[in-house]
Amino acid sequence: MSYVKTVLAAVLVSVMALSAPVGVQAKTKLTLGTASMGGNYFNMGAAIAKVFNEKETGYTLTAQATGGSAFNLTAIEDKELDFGISQGPAVMSAISAQTVPSLRTVANYNGTPQHVLVRTDAGIKSLKDLKGKRIELIAAGDGVEVCSRKVVEGIGLNWDDVKHEYSGNRVQASSRLKTGQVDAIIDGTGVGAAWISDILKSGKFHLLAMTQEEMEQIMKANPEFSAMPIPANSYGGQDATIPTVGNWTIITCSADLPAEVVYNLTKIFHTEKDKLKAAHAFFKDIAPANIKGAVIAPLHPGAEKFYKEAGVL
């Protein structure tokens, strides 16, 4: 299905579902919160809904445009959504703040490993060597800054031990790294990111490998992180696998949903991976094993049933 057709189909089912009551016991329609219309989350949600609705489950799933990760979590808690797509750090923040007691995990996918990109001549051999170095953070409060701080503080450095640089966007950040105005960038992004490939091809920069101790320190301090290596040859000149940590995109739901409903969605999501991958590249990481050691909100019993059948629990 083309991008335009996918969006139009999702808009149609969203409009049809607006008048549906929320409680799943009194309806056959389910809602999946995504993000703004046209973005990756909306398009992924539309693809999930299409694949789910092709199966005979007794329910229909509607992808809804929303305010994004944090909105979806609150809307699930308030019974305004049944399912939602959210970033791992957003789920962790909500769980830590104890604002979403009924939130449950369905699946993890779309791994975004932390790429620690450094100038080879900057003398950075380990994360500890970032002390005193200039780190590009894009913008104050940006996800890059948030995750960079978690990485830096996770290994025992103080945030002020590094020099904070803000260029405003990745185009400027890339330029500043190339021209030596900054020493490093820590960015959680999908493997194969074009802008990182562009930087690495000069041979003057490399991806810093984390040690096992560093990863364990970061994951202990920040449970939303999981071990997420960057496979060898993901970028030109990168011959070895790069050990690092990363976050998952997470499908969550309300604890009030019947186990059968969540089981069906979890199973369809994994068994129809090829169809989902054909609709959006971000589905390439789908695998039941993604939830091992990486569950932030508790698993819904319906999802847990599937993972036990899949042999990962």
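Preceding this section is the structure that the text describes.
Residues numbered from 1 in each chain as written. Predicted model: local features only at pLDDT ≥ 70, side-chain atom pairs only at ≥ 80, totals over all residues. Heavy atoms only, no water.

1. Overview of the nonpolar core
- Of all hydrophobic cores here, the largest spans 36 residues; its most connected members are I48, L61, F83, F269 and F283.
- Contributing elements (two or more residues each) for this core: β1 (29-33), α2 (40-53), β2 (60-64), β3 (83-87), β4 (103-119), β10 (245-254), α9 (259-271) and α11 (301-309).
- Among the elements that take part in this core, α2 stands out by supplying 7 residues, more than any other.
- Listed in part, the 23 residues of the second largest apolar core include A122, V152, V162 and M215. (Core = buried A, V, L, I, M, F, W, Y, C linked by side-chain atoms within 4.5 Å. Buried < 20%, exposed > 50% of the residue type's maximum accessible area, 1.4 Å probe, protein only. Helix = DSSP H or I, 4+ residues; strand = E, 2+ residues; numbered from the N terminus.)

2. So, the pairing of β10
- Along β10, 10 of the 10 residues are buried, which leaves the element largely enclosed by surrounding structure.
- Pairing geometry for β3 and β10, over 5 bridges, is antiparallel. What sits directly across from S86, in β10, is I250.
- Where β4 meets β10, 8 bridges bridge the pair, whose relative direction is antiparallel. When the bridges of β10 are listed, A107 appears paired with I251.
- Direction of pairing for strand β9 (residues 226-227) relative to β10: antiparallel, over a ladder of 2 bridges. Within β10, the residue paired with A227 across the bridge is V245. (Pairing = 2+ DSSP bridges.)

3. Regarding the packing of α2 against α9
- Where α2 meets α9, the closest approach of the two axes is 10 Å, and the angle between their N-to-C directions is 105°. Taken together, the axes of α2 and α9 lie roughly perpendicular to each other. Of α9, the residues touching α2 (which contributes I48, V51 and F52) are N264, L265, I268 and F269.
- When grouped by side-chain class, the residues that make up the contact of α2 with α9 number 6 nonpolar, 1 polar and no charged. (Axes fitted to C-alpha atoms, helices over the stretch in contact; angles between N-to-C directions. Parallel < 35°, antiparallel > 145°, perpendicular 65-115°, else oblique. Contact = heavy atoms within 4.5 Å. Nonpolar A, V, L, I, M, F, W, Y, C, P; charged D, E, K, R; others polar.)

4. Digging into the pattern of salt bridges
- Overall, the coordinates contain 17 salt bridges when judged by the stated rule.
- Taking the shortest distance from any N to any O, the salt bridge between R134 and D183 comes out at 2.9 Å. Here R134, found in strand β5 (residues 134-136), pairs with D183, found in the loop between α6 (170-178) and β7 (184-188); they are 49 residues apart in sequence, far enough to count as distant.
- Assessed through its relative accessible area of 5%, D183 is described here as buried.
- Here R176 makes a salt bridge to E136, at a shortest N to O gap of 3.4 Å. Remark: E136 occurs in strand β5 and R176 occurs in helix α6; sequence separation between them is 40 residues. (Salt bridge = Lys/Arg side-chain N within 4 Å of Asp/Glu carboxyl O.)

5. Describing the packing of aromatic side chains
- What the rule picks out here adds up to 4 aromatic pairs.
- Centroid distance Y109 to F269: 5.4 Å. Interplanar angle 65°. Geometry classified as edge-to-face. Here Y109 is found in strand β4, whereas its partner F269 is found in helix α9, with 160 residues between them in sequence.
- A residue is classified by how much of its surface remains accessible, and F269, at 2% relative accessible area, is buried.
- Relative to Y307, the ring of F306 lies with its centre 5.4 Å away and its plane at 70°, an arrangement referred to as edge-to-face.
- For F306, a relative accessible area of 8% corresponds to the buried category.
- For Y307, a relative accessible area of 0% corresponds to the buried category.
- Each member of the aromatic cluster is reached from another via a ring pair, and the members are Y109, F269 and F283. (Phe/Tyr/Trp six-rings, centres within 6.5 Å; stacked < 30°, edge-to-face > 60°.)

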